[in-house]
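# Chains, contacts and geometry: an overview
As a plain string of letters, each chain reads:
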There are 2 protein chains.
Amino acid sequence: MDLQAVINGSSSNSNGVSKEVFRQTLVKTLQSRLFYIPSFKIYRGVAGLYDYGPPGCAVKSNVLAFWRQHFVLEENMLEVDCPCVTPEVVLKASGHVEKFTDLMVKDEKTGTCYRADHLLKDFCEEKLENGFSLPVEKVTELKHVLAVLDEFSANELGSKIKEYGITAPDTRNSLSDPYPFNLMFQTSIGPSGLNPGYMRPETAQGIFVNFKDLYYYNGSKLPFAAAQIGQAFRNEISPRQGLLRVREFTLAEIEHFIDPDDKSHPKYGDVVDLEFLMFPREEQISGNEAKKLRLGEAVSKGIVNNETLGYFIGRVYLFLTRLGIDKEHLRFRQHLANEMAHYAADCWDAEIECSYGWIECVGIADRSAYDLRAHSDKSGVPLVAHEKFSEPREVEKLVIAPVKKELGLAFKGNQKMVVEALEAMDEKEAIEMKATLESKGEVEFQVCTLGKAVTIKSRMVSISKEKKKEHQRVFTPSVIEPSFGMGRIIYCLFEHSFYMRPSKAGDEQLNVFRFPSLVAPIKCTVFTLIQDQQLEEVAKQISKSLTAAGISHKIDIAGNTIGKKYARTDELGAPFAITVDTTTTVTIRERDSKDQIRVPIEKVVSIVKEVTDGQSTWAGVKTQPHSSTSTKDHGLAKASKLFGAGDSIYIYMIPAKRVLAGVAMFPDLNVAL
Amino acid sequence: MDLQAVINGSSSNSNGVSKEVFRQTLVKTLQSRLFYIPSFKIYRGVAGLYDYGPPGCAVKSNVLAFWRQHFVLEENMLEVDCPCVTPEVVLKASGHVEKFTDLMVKDEKTGTCYRADHLLKDFCEEKLENGFSLPVEKVTELKHVLAVLDEFSANELGSKIKEYGITAPDTRNSLSDPYPFNLMFQTSIGPSGLNPGYMRPETAQGIFVNFKDLYYYNGSKLPFAAAQIGQAFRNEISPRQGLLRVREFTLAEIEHFIDPDDKSHPKYGDVVDLEFLMFPREEQISGNEAKKLRLGEAVSKGIVNNETLGYFIGRVYLFLTRLGIDKEHLRFRQHLANEMAHYAADCWDAEIECSYGWIECVGIADRSAYDLRAHSDKSGVPLVAHEKFSEPREVEKLVIAPVKKELGLAFKGNQKMVVEALEAMDEKEAIEMKATLESKGEVEFQVCTLGKAVTIKSRMVSISKEKKKEHQRVFTPSVIEPSFGMGRIIYCLFEHSFYMRPSKAGDEQLNVFRFPSLVAPIKCTVFTLIQDQQLEEVAKQISKSLTAAGISHKIDIAGNTIGKKYARTDELGAPFAITVDTTTTVTIRERDSKDQIRVPIEKVVSIVKEVTDGQSTWAGVKTQPHSSTSTKDHGLAKASKLFGAGDSIYIYMIPAKRVLAGVAMFPDLNVAL
């Protein structure tokens, strides 16, 4: 049984139960093998905080390393590492202080807090599940509420809760009206208590505030991407769904800065032929399912807003599937118009299907110039890019020239403030003023710094359009942001990798994780078939060589049966198990096929390295003549570091005694090691 | 000029200045090349918070990867990953809520806060520097204050501040008495506001609270080590010294759990012959300098408390020197008795000398059973290990048997409390009571839960020693904790790697970081000698191959002179620069020697990989006949993955046209690729 079987059985009645059973078995395995456990367990834990134990930590570190390889190195991104503690001013500019909230209701007697939308959702789902005799209109209504729940305002949520008579789940007491609760963990920076700060809710802001330096570092050239991996924090009201909704998590975010007038991508061609499940806005509205689309088609038809956004969607698809996410349970869903921030040009979520349904794991958004503009405005530091023209261009520019003498006469000591306010007008304001002055001769003008309006007359300011030669264009770059919730990806990976199969005797179900080597917490285990000192020595020697070759593994020379040992290594998802049963040869067993091959001891490490590195497949290794030991080949890996990769070359392994003769046979040979 | 020159010039008068100049030049280079920069700079920053920009982030990630390789993989440690947000109960048990404080004084008028010891330190240092005419006794006194400053209580600090008339540095206002300020960032977990939490001040507690699970995961066997890399937080009162005293930092901590009765280490022999600067307690007290000691001698003489502590000191030495820390400016300083926590068996700091003096970068402490006991007590969950005896052992056990009937008659409703108190006595108390009861017939006994003493008579309790058969020993493991401040190590690495050398023309000083390849942010740069499309194509092709080989690099095809390009790559500490000047061969230039070799284009990637992987040295590469291109050897790296490493083998490269003949010459050849 695996997730596929569970989900595909969705038409059967028992589906709800079997999803539950699948998840319970999975979670029990994950927790008992310390993939992850509730944090601070001996103190009864804290909701929404989890520890990764040794195998979970290894999976996480493998996933992060691959992310760095696949995105940062492959695309030459600028990686940065900023603190979690963030002063309030930054998160005011980004909008988080005002808007990073969930709607909360309180038990009016005990004060216990609940997420308002969760209570309404639970109520609707329960009614639909248990209400066999509900009238059709009621069913339609409840389904509608579930569909639009995420868009409800505080008032709408409150009146639905009242209408349905929803009470506090623990006490049945009545509930307060919903009100916004800010999800940031607040703290205070420094000893004075006067500088509020927050634990960052995302890593992106650290990149935006550094745009100016990063742009310069990149030789003042666009496009470029910056990236950051780090902890982020959300003080969830009532976390549930295990690793999917937690109060602290690892984010990996990319901010790709581009010219808003040119959103092409030089490597777009590499992904154009990928085909996978996409769920465009139109299909969602029409009530259709996600469907397979060629990425190039989605971009050329304008379903995906631009090439760069498309490129990242393709790269995310490659990243997730290479980790082991099942492509049949992965889709890219476009945000509906009302889901998107007003400034966003387009937004797609990589959603992964698991026993909880479709889970948003990566968001890929074209955020336009919003973030850089917000920080420019708040900090007063221009976060802009320059495009130097190859030759100067003539442009029409609006020139505002306050006539200081007239203004001085009219406004005396306030003159400076009026001048500054006039000069600060944007183009639209200035053109309107020009028109009014021309038609009426004077205009009322609000001066913020004076806190009042003044009357500006025609003679006090000259507003004109002038032709100017410009040598460069100055603009705020657009940002394409792929943002990865690593914990969610890892949890979905656990679900997609987990399956149960009967034991050899058929008397029990054994748990297996079919992790690809890339993410497997350990690449192999080393066993002895029986407890025997000679075999143990061999096992330790193999373990030592595996360490030297950088292959993470576990050695198990305890007295369990080999069947029990296999079951334990399968439960950790180790792709291979080496069993030492003689002092000259050992067996290598592959986890999923349970196939075994026998190889000489001196070859075992290189074979395991080869198949776990992805240089070769298990099928390929199986057909090689490993039992031959007449040539010694262990110096080759070392020697080969001297040379490049890619070209064809003929290599011969020659037993030492033949060497002298061999050299003589090739008089013009110029490389011998 | 480098740090060595600056420090060794310490007898000259200009030393103070030249240390300053060295550091200013270094910091200016680090910040202008974005190794690190103050966080949130566009908002004028926050003291004690720094961002790592692209090269700094790469150095950090290399250092962390090497730490993981050197400690976690090499020693098979159990790595875990716990949240930063920590509930109060955990940090109460660990003692942080009560004791993780610094003494603070406030400007009595403005409320500005200062660290009390810093003000006193600054005062003494300034007096000593400027007070040419100070009487000898005064000089002695001030020097004494500086020496014992760290041990001052709040009262002692306060009276010294009063005695010296120290005022607030910014305003000259008078100062409050010193009082403790807790250095943890406080926050609130969940929406109720009733669950205080803190950002963890160290990563260790996450390991201690998981001891039970980790011990089980390790097959219920000691010794084993758990490790964690992660963020930690200290809300410093007034951070200074750049990266050395920050409010958020990356810690890497190891908790090695051992049987307190057996602190040997199986791999101790690997480090026993290392010799380096050690600064034992006795030498410090006698006013001597640190001296070179063989580690084995320090352990056998009892200077270092035990083998396992010694083993980790040796491993830390290897770790730091392999990163590029200069061993002449690295010492291991033992804590003085009054510096150590009362429970610690021994403690050594790896201190690195930099322009700020000797900086504590790694602490290596034998913390005995303190932490596990503290969490056992507070949580009620026994954090213990078991040693199963091969056969049962007879042990004498103290048995305390309260006679409930008699106690009931005597104490009525308080009987239960008295019984519990009697049973809770430790062995020493019980033996004393037994003796007193035997000699006097009764004893006064304090019952905490009653808040008073009661009289216990002989008939009320029986205390006896009984022989029992025990099948196992249950005990609380000791903990050896190496704790690494990664930011401090990295900053010291910057200082140890930085030097200035004159430009070719001799008209300016150029900055260089002599990072070893292991930590260098990029391994090489790729230049074109002149702006030329063909050369640029070659450069791009080399860049692509470098990416495929996993070699981080930068490509620079801008129109600067080659001298300027070299200067820029030296300032990033890239060990090698590839200059494309023809379409068939390129030059590789080594950073520190400025030596160049010419190699064929198809060999450049493998050569760079070889020298940056540490498979070969630059000296070795220089003497190879690279200019020969008559054999094609690029398939070798790929082919070799099929084989192991370590054995000797003879390899011949044979031009393709000779292959058929070659095969015929070796009829018994059985491996050909």
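Calculation notes
- Residues numbered from 1 in each chain as written.
- Chains lettered and ligands numbered in written order.
- Predicted model: local features only at pLDDT ≥ 70, side-chain atom pairs only at ≥ 80, totals over all residues.
- Heavy atoms only, no water.
- UniProt positions renumbered as here; feature names shortened; annotations may be inferred.
- Helix = DSSP H or I, 4+ residues; strand = E, 2+ residues; numbered from the N terminus.
- Domains from an automatic or database assignment.
- Contact = heavy atoms within 4.5 Å.
- Buried area = accessible area lost by both parts, 1.4 Å probe.
- Salt bridge = Lys/Arg side-chain N within 4 Å of Asp/Glu carboxyl O.
- Polar contact = N/O pair within 3.5 Å; in protein donor to acceptor, adjacent residues only side chain to side chain.
- Pairing = 2+ DSSP bridges.
- Axes fitted to C-alpha atoms, helices over the stretch in contact; angles between N-to-C directions.
- Phe/Tyr/Trp six-rings, centres within 6.5 Å; stacked < 30°, edge-to-face > 60°.
- Buried < 20%, exposed > 50% of the residue type's maximum accessible area, 1.4 Å probe, protein only.
- Lys NZ or Arg CZ within 6 Å of the ring centre and 35° of its normal.
- Arc of directions from axis to C-beta.
- Expected span 1.5 Å × (residues − 1).
- Parallel < 35°, antiparallel > 145°, perpendicular 65-115°, else oblique.
- Left-handed = near helix turned anticlockwise from the far one by under 90°.
- Nonpolar A, V, L, I, M, F, W, Y, C, P; charged D, E, K, R; others polar.
- Core = buried A, V, L, I, M, F, W, Y, C linked by side-chain atoms within 4.5 Å.

### A word on the UniProt feature "domain: Aminoacyl-transfer RNA synthetases class-II family profile" (unreviewed entry) in chain A
- The positions UniProt marks with the feature "domain: Aminoacyl-transfer RNA synthetases class-II family profile" (unreviewed entry) are residues 48-502 of chain A.
- Segment residues 48-502 of chain A splits into 36% helix and 31% strand. End C-alpha atoms: 34 Å apart.

### Concerning the domain arrangement of chain A
Residues and elements named next belong to chain A.
- Along its sequence, chain A is carved into domain 1 (3-82 + 200-370), domain 2 (101-181), domain 3 (397-470) and domain 4 (522-623).
- Each of domain 1 and domain 2 has a C-alpha centre, and the two are 29 Å apart.
- Facing the eight residues of domain 1 at the interface are 10 residues of domain 2.
- Of the roughly 740 Å² buried between domain 1 and domain 2 on both sides combined, carbon and sulfur atoms contribute 49%.
- Together, I237, S238 and R240 form the three largest contributors to the area buried by domain 1 at its contact with domain 2, with a combined 66%.
- On inspection of domain 1 and its partner domain 2, the count reaches two salt bridges.
- Between D122 and R240 there is a salt bridge whose closest N-O contact spans 3.1 Å.
- Viewed at the interface, domain 2 and domain 1 are joined by two residue pairs in polar contact (both at pLDDT 80 or more).

### Digging into the sheet that holds strand 28 (residues 596-600) of chain A
Residue and element names in this part refer to chain A.
- Strands sit in the order 25-24-26-27-28 across an open sheet of five strands; the sheet is mixed. Both edges of this open sheet fall to strand 25 (553-556) and strand 28, since each of them pairs with a single strand only. Strand-to-strand twist of the sheet, defined as the mean angle between neighbouring strand axes without regard to direction, takes the value 25°.
- Here strand 24 (residues 524-528) runs beside strand 25; their pairing, made up of four bridges, is parallel. Note that in strand 25 the partner of T525 across the bridge is K554.
- Docked against the sheet, helix 19 (residues 533-548) engages strand 24, strand 25, strand 26 (576-580) and strand 27 (585-590), running at close to 165° with respect to strand 24.
- Across the sheet, helix 20 (residues 562-572) lies against strand 24, strand 25, strand 26, strand 27 and strand 28, angled at about 170° from strand 24, the strand it touches most.

### Side note on the side chain of A:Q205
Residues and elements named next belong to chain A.
- Structurally, Q205 can be placed in helix 9 (residues 204-208).
- Of note is the side chain of Q205, whose polar atom sits 2.6 Å from the side chain of E202.
- Residue contacts for Q205: discarding those within four places in its chain leaves V90, L91, S94, H96, D371 and H375.

### Looking at the packing of aromatic side chains
- With the rule as written, the count across this model stands at 58 aromatic pairs over all chains.
- Relative to A:F494, the ring of A:F35 lies with its centre 5.4 Å away and its plane at 75°, an arrangement referred to as edge-to-face. Here the residue A:F35 occupies a position in the loop between helix 2 (15-32) and strand 1 (36-38), and A:F494 occupies one in helix 18 (residues 486-497), the gap between them amounting to 459 residues. Here the two residues A:F35 and A:F494 agree in accessibility, since each one is buried.
- For the pair B:F276 and B:F332, a centre-to-centre distance of 5.0 Å together with 50° between the ring planes defines the contact as tilted. Residue B:F276 is found in strand 12 (residues 275-279), and its partner B:F332 is found in strand 14 (residues 330-334); the two are separated by 56 residues along the sequence. As far as the burial class goes, B:F276 and B:F332 line up, both buried.
- Three or more aromatic residues link up through ring pairs in this structure, and these residues are A:F22, A:F35, A:F494, A:F498, A:F513 and A:F515.
- Over the ring of B:Y217 we find A:K554, and its NZ or CZ is 4.2 Å from the ring centre.

### A few points about helix 8 (residues 154-163) of chain B
Residues and elements named next belong to chain B.
- The complete set of buried residues in helix 8 reads L157, G158, K160 and I161. On an axial view of helix 8, the arc spanned by its buried residues comes to 165°, and they lie on one face. Helix 8 presents N155, K162 and E163 as exposed residues on the side facing more than 90 degrees away from its buried surface.
- Close packing links the buried residues of helix 8 with strand 5 (101-106), helix 6 (116-130) and helix 7 (136-148).
- At the C-terminal side of helix 8, G165 shows a positive phi close to 65°.

### Details of the pattern of salt bridges
- Counting across every chain of the model gives 90 salt bridges over all chains.
- Here A:E141 and A:K160 are joined by a salt bridge, their closest N and O atoms 3.7 Å apart. Taken together, the residues A:E141 in helix 7 (residues 136-148) and A:K160 in helix 8 (residues 154-164) connect sequence positions 19 residues apart.
- Given the relative accessible area of 26%, A:E141 is considered partly exposed.
- For the salt bridge of B:E125 with B:K121, the shortest nitrogen-to-oxygen distance reads 3.9 Å. Here B:E125 pairs with B:K121, and both are found in helix 6, just four residues apart, close to one helical turn.
- Accessibility expressed as a relative area gives 34% for B:E125, which makes it partly exposed.
- B:K121 gets classed as partly exposed once you look at its relative accessible area, which sits at 32%.

### Looking at helix 17 (residues 427-440) of chain A
All names here are of chain A.
- If you check helix 17, its first and last C-alpha atoms are 20 Å apart, about what 14 residues at 1.5 Å a residue would give, namely 20 Å.
- If you check which residues of helix 17 are buried, you get A430, M433 and L437. One side of helix 17 carries all its buried residues, which in axial view fall inside an arc of 60°. Facing away from the buried side of helix 17 by over 90 degrees, the exposed positions are K428, E438, S439 and K440.
- The inward-facing, buried residues of helix 17 abut strand 17 (385-402), helix 16 (415-423), strand 18 (442-447), strand 19 (452-457) and strand 20 (461-475).
- Of the residues one or two after helix 17, G441 is the one with positive phi, at around 85°.

### Describing the packing of helix 15 (residues 404-411) of chain B against helix 16 (residues 415-423) of chain B
All names here are of chain B.
- Running from N to C, helix 15 and helix 16 point in directions that differ by 130°, and their axes come no closer than 9 Å. Taken together, the axes of helix 15 and helix 16 lie oblique to each other. In this structure, helix 15 meets helix 16 at a crossing whose hand is right-handed. Between helix 15, through K404, L407, G408 and F411, and helix 16, the contact on the second element is made entirely by Q415, V418, V419 and L422.
- Here the residues of the contact of helix 15 with helix 16 are counted per class, giving five nonpolar, two polar and one charged.

### Some details on the nonpolar core
- A:F494 and B:F494 are the most contacted members of the largest nonpolar core, which totals 222 residues.
- Sequence-distant contacts of B:F494, that is, excluding residues within four places in its chain, are made with B:L26, B:L30, B:F35, B:Y36, B:V59, B:L243, B:F513 and B:F515.

### A look at the sheet that holds strand 7 (residues 179-182) of chain A
All names here are of chain A.
- Taken together, three strands build an open sheet; the order of strands is 6-5-7 and the sheet is antiparallel. A strand with exactly one partner marks an edge of an open sheet, and here the two such strands are strand 6 (113-115) and strand 7. The average undirected angle you get between the axes of adjacent strands in this sheet is 55°.
- Of the pairings in the sheet, the one linking strand 5 (residues 101-106) to strand 6 comprises three bridges and is antiparallel in character. Paired with K106 across the strands is C113, a residue of strand 6.
- Each of strand 5 and strand 6 touches helix 6 (residues 116-130); the most contacted strand, strand 6, lies at about 65° to it.

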